[in-house]
Amino acid sequence: MNFESVGPRFAAGAGLLAIIPVLVYGMSGSVVAGIVSAVNVVIIIGSLYIAMAPIDESHDDHHGNGTVS
């Protein structure tokens, strides 16, 4: 499998593997810090997932000059 065939949304989903070290950290250290870290990882990966979503270009209400009619 080469990296060119992997979609960006799949790659962002694979970023959820970062949860594993966070869980280990939460189990061995402070539980609250582990929970906060896990929430941060989920927020970051969710943001990347949304940012890498395909752009819907069906809305062609503008004329290309910055104005909307």
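Procedures and definitions
- Residues numbered from 1 in each chain as written.
- Predicted model: local features only at pLDDT ≥ 70, side-chain atom pairs only at ≥ 80, totals over all residues.
- Heavy atoms only, no water.
- Helix = DSSP H or I, 4+ residues; strand = E, 2+ residues; numbered from the N terminus.
- Areas by Shrake-Rupley, 256 points an atom, 1.4 Å probe, with all protein chains shown as cover.
- pLDDT = per-residue confidence, 0-100.
- Axes fitted to C-alpha atoms, helices over the stretch in contact; angles between N-to-C directions.
- Parallel < 35°, antiparallel > 145°, perpendicular 65-115°, else oblique.
- Left-handed = near helix turned anticlockwise from the far one by under 90°.
- Contact = heavy atoms within 4.5 Å.
- Nonpolar A, V, L, I, M, F, W, Y, C, P; charged D, E, K, R; others polar.
- Patch = residues over 30% accessible without salt bridge, like charges linked within 9 Å, V, L, I, M, F, W, Y side chains within 5 Å.
- Salt bridge = Lys/Arg side-chain N within 4 Å of Asp/Glu carboxyl O.
- Core = buried A, V, L, I, M, F, W, Y, C linked by side-chain atoms within 4.5 Å.
- Buried < 20%, exposed > 50% of the residue type's maximum accessible area, 1.4 Å probe, protein only.

**Description of the overall build of the chain**
Here's step 1: Helix and strand content of the chain: 3 helices and 0 strands.
Here's step 2: Listed N to C, the secondary structure of the chain is α-α-α in terms of helices and strands.
Here's step 3: Total accessible area on the chain stands at roughly 5600 Å², and carbon and sulfur atoms take up 70% of it.

**Some thoughts on the confidence of the model for the chain**
Here's step 1: Model confidence for the chain is summarised by a mean pLDDT of 76, while 75% of its residues fall at 70 or above.
Here's step 2: Mean pLDDT per element in the chain: helix α1 (residues 8-14) is the minimum at 73, and helix α2 (residues 19-28) is the maximum at 85.

**Section: the packing of α2 against helix α3 (residues 31-51)**
Here's step 1: Running from N to C, α2 and α3 point in directions that differ by 165°, and their axes come no closer than 8 Å. With respect to α3, the element α2 is oriented roughly antiparallel. The interaxial crossing formed by α2 with α3 has right-handed handedness. Two secondary-structure elements touch here, α2 through Ile19, Val22, Tyr25 and Gly26 and α3 through Val31, Ala33, Gly34, Ser37, Ala38, Val41 and Val42.
Here's step 2: Taken together, the residues of the contact of α2 with α3 break down into 8 nonpolar, 3 polar and no charged.

**Brief notes about a nonpolar patch on the surface**
Here's step 1: Judged by side-chain polarity, Val31, Ile35, Val39 and Ile43 come together as a nonpolar surface patch covering roughly 370 Å² of accessible area.
Here's step 2: Within the fold, valine 39 resides in helix α3.

**Digging into the nonpolar core**
Here's step 1: Of all hydrophobic cores here, the largest spans 5 residues; its members are Ile19, Val22, Ala38, Val41 and Ile45.
Here's step 2: For this core, the element with the most residues is α3, which contributes 3 residues.
Here's step 3: If near-sequence neighbours (up to four positions away) are discounted, valine 22 is found in contact with Gly34, Ser37, Ala38 and Val41.

**A look at the environment of proline 8**
Here's step 1: Residue placement: proline 8 occurs in helix α1.
Here's step 2: Of the residues examined, proline 8 reaches a relative accessible area of 45% and is grouped as partly exposed.
Here's step 3: Taking the C-alpha atoms as reference, proline 8 lies 6.2 Å from methionine 52; in sequence the two are 44 residues apart.

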